[in-house]
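Architecture at a glance
Each chain, written out:
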Amino acid sequence: MALYLYLQLPSLLVDCVSPLPAKVPLAVADAQHRLVQLNAEAAARGITLGMSLGTAAALCADLQLLPYQTERQQQLLQSVAQQLYQLTADIALDPPDGLYLRLCAMLRLYRGLNGYWQVLYKALQALGYRYQFSCGTTPLAAKCLARQQLNLLSADSTGLSAALKRSPLVASELSLPLQQQLKRLGINTLGQLLALAPAELSRRFEPELLSYLGRLNGDFYHALNYIQPAPGFSRYIELLYDIADTRVLTAPLSSLLQQLSMQLKQRDALCYQLQLSLHFRSGRPAIVLAVGSAQGEYLPERWLMLCQLQLCRLKLAEPVSGLELNCDDFKPRQAQTAALFDNSVATLSPLQLVSLLEARLGRGAISSLSLQNQHLPELASRRQPPLWTQQSQHQKQQNQSGGGAALKPVIPLALRPAFILPSPRPLTEPVEITSGPERLCPNGWQLAAQRDYFIGRNRKGQWLWLYRTVSQQWFVHGLFS
Amino acid sequence: MSAIIAQLTRRQLLWQGNNQQAAYQALSSGFAELDARLGGGFPATGLIELQTDAGIGELRVMLPYLKQQQASGRLLVLIAPPAEPCADMLAAAGINLDALLIISPANNNAMLWAAEQCLHSGCCASVLLWQPQLSLAQARRLQLAAEQGAASLIVLRKPAQYLSLPVNLSLALTAKAQGLSVKVLKRKGGWAGEVVNISMQQHWPALCLADSSAATALTAVAG
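Computed from a predicted structure; not experimentally measured.

A look at the pattern of salt bridges
Residues and elements named next belong to chain A. Overall, the coordinates contain 22 salt bridges over all chains when judged by the stated rule. Note that D242 and R281 form a salt bridge whose closest N and O atoms lie 2.8 Å from each other. Separated by 39 residues along the polypeptide, D242 in strand β8 (residues 233–243) and R281 in the loop between β9 (269–280) and β10 (287–297) bring together distant segments of the chain. Measuring nitrogen to oxygen at the nearest pair gives 3.0 Å for the salt bridge that ties R333 to D268. Here the residue R333 occupies a position in the loop between β12 (331–332) and α15 (350–361), and D268 occupies one in the loop between α13 (250–267) and β9, the gap between them amounting to 65 residues. Where salt bridges share partners, they join E41, R45 and D62 into one cluster.

The following block contains the structure:
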């Protein structure tokens, strides 16, 4: 037997406003100035759904209003569905405020409806949205019962169908003219309607009625579009008030990072790069910060620290009104291994240290060195991204593809100075030459550019690496520290 | 020994000069004459100050020590080196380039911050810091971070009259024909004021002047 649960979240936009300081009546009004969502305080003051703005304002002078945003509502519903996806395999969206959950496949996993409900209840409590629900043998039956706030939880089909038969037509999805037409015929409940012969109905009414009743009954197949888990993480929060101080951003940011880390934990994944966007009210383009971690992290504290280091470098021209956190791809988590008997004091791994330094000092400030198989001093040393060998090993493990040709170790040249001057400076002091010359010729035998290198010591006792050009000019190129 | 002395010693009220503990764990510097004077070598953790001119061999004197420090698999960090470090020379001296970081900070504050993070992290064995402006409090802070992370910080500064910093070891280096002359300015748990001449003849024969009698060196002047 098929079993569906319909979950209706009637006040998403109101509930997602983070906890208000005092009890403030809050309502959402649509474009026609009708109230479509209320919080508990507003309902307690006598305001009802569908009331016009004028009436509501007359009843309650300090009513706070939010505009209805279709996109935001959709996003919220989507995010609830993504959270519940951990518990239920088949979830379909029913915009603007409903979710179909197919239970029949899940009951065995949770050992019955009760076990399932306990888990779902906990998840819904953690989300903090108000909800009403009902079970049903078809998606539309569940929806019809949930609309009446029956909160039925049973797998008993006779009980469910009895409840469905008692349902008034208002709870159904039939159009208003159709409902009125039926009412004039003396049909007030769905039970009366379902008792009529379909052939008779099809003769007198539009085909939409028959198709609805067929799906309600389960006679017709009702195709639902089940969601797929989103590949990354993307969330936007509107701040309660504009924030000009980057330090104050910590609180909303950490709640975003908490959500990210929940999602990462559920997938047993890490992410290497986050995009943090700061949105402004005046339409100024958002500031986008790329926060990276070389090792990959899932812990919110670590990400918060890296974000803070970037934020404290930032000067805000105007207060921030919204925060957005994006992460495109999750990578599977690697087990970190460390020596068992090595009583090390390390609080960070080298890659974590690199991420920390990069967050504060900028990408270009940290680098590593590699030795190239070149004889010219300026080509032999090459700056590389920090700890590139470790990072590339990391990547290789990720991709599970060996295959890279093993690099032949480069044998270092015998005597080279510790420091090479970025641009050689002319020699202006007497030096004592102790060894040389060593003739270096640029690639391609450019004889005019060849240089004869000498090692010399000046009066102060500094050991210099000198060269003489073809035109007999002397330059200092390095320092034997 | 009388019973009273034994009792006082047991209660740690009496201090005797001959059973003095080393103030730090020493790691051989690779130069026997230096090891003998420094009670075994350079400290494995904490601050080491070198007052030296550039290019006289200040890095060469530290290389065997740095190589040993790096042998634990931890990082070697160069902060604000005076010019482009040369991979050939470091690799030839046995430094593992895969465990080497070079940091070029924009200003003195960033430099000290980076040094502190590196020392504190515990994943760096040694940090070399060129020409920082260090106050007493900052040096103390770096010293604590170094002890916490079991790392050593080598501060290279121009020879000048500085305030005495809370360091484990402070040396002044001057150039000599055969190598370096090292003056111990300060040593934790030891005597200062000793001068050691170390010869580079063994490690770096090309970077030593031959005997002055055999000086057949050319003299070149910029033209």
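Quick word on the domain arrangement of chain A
Domain boundaries assigned for chain A yield domain 1 (4–217), domain 2 (233–332), domain 3 (370–397) and domain 4 (419–479). For domain 2 of chain A and domain 4 of chain A, the distance between their C-alpha centres works out to 52 Å.

Considerations on the interface of chain A and chain B
As a measure of interface size, the accessible area lost when the parts come together is often cited. Taken together, the contacts link 56 residues of chain A with 56 residues of chain B. Taken together, both faces of the contact between chain A and chain B bury some 4,800 Å²; the carbon and sulfur share is 65%. It is L369(A), F419(A) and S481(A) in chain A that bury the most area against chain B; as a group they hold 14% of the surface buried on that side. Between R383(A) and E84(B) there is a salt bridge; the shortest N-O distance is 2.8 Å.

What about the sheet that holds strand β1 (residues 4–8) of chain A?
All names here are of chain A. On the basis of which strands lie adjacent, the open sheet formed by four strands has the order β5-β6-β1-β7 and antiparallel pairing. Looking at strand neighbours, the two that pair on one side only are β5 (91–94) and β7 (132–136), the edges of this open sheet. Each strand of the sheet is rotated relative to its neighbour by a mean of 20 degrees, with strand direction disregarded. As paired strands, β1 and strand β6 (residues 98–102) are joined by five bridges and run antiparallel to one another. For Y4, the partnering residue across the bridge sits in β6 and is R102. Against the sheet, helix α7 (residues 139–147) touches β1, β5, β6 and β7, its axis set at about 145 degrees to β7.

The rules behind the values
Sequence order sets the numbering: in each chain, residues are counted from 1 along the sequence as written. Whichever chain is written first is A, and whichever ligand is written first is 1; the rest continue in order. pLDDT decides what is reported in this predicted model: residues at 70 or higher carry local features, side-chain atom pairs at 80 or more are listed and counted, and totals for whole chains, interfaces and linings draw on all residues regardless. Hydrogens and water are ignored here; the side-chain numbers use all heavy atoms of the structure. Take a side-chain nitrogen of Lys or Arg and a carboxyl oxygen of Asp or Glu: if they are within 4 Å of each other, that pair is a salt bridge. Note on conventions: DSSP H or I runs of at least 4 residues are helices, E runs of at least 2 residues are strands, and numbering of each starts at the N terminus. Start and end positions for the domains come from either an automated domain assignment or a database one. Working rule for contacts: check all heavy atoms of both residues, and any pair within 4.5 Å makes them a contact. Note on terms: buried area is the combined drop in 1.4 Å-probe accessible area of two parts once they are placed together, counting the loss on both. Paired strands, in this sense, are two strands between which DSSP finds at least two bridges. Note on geometry: axes are lines fitted to C-alpha atoms, helical ones only across the stretch in contact, with angles between N-to-C directions running from 0 to 180 degrees.

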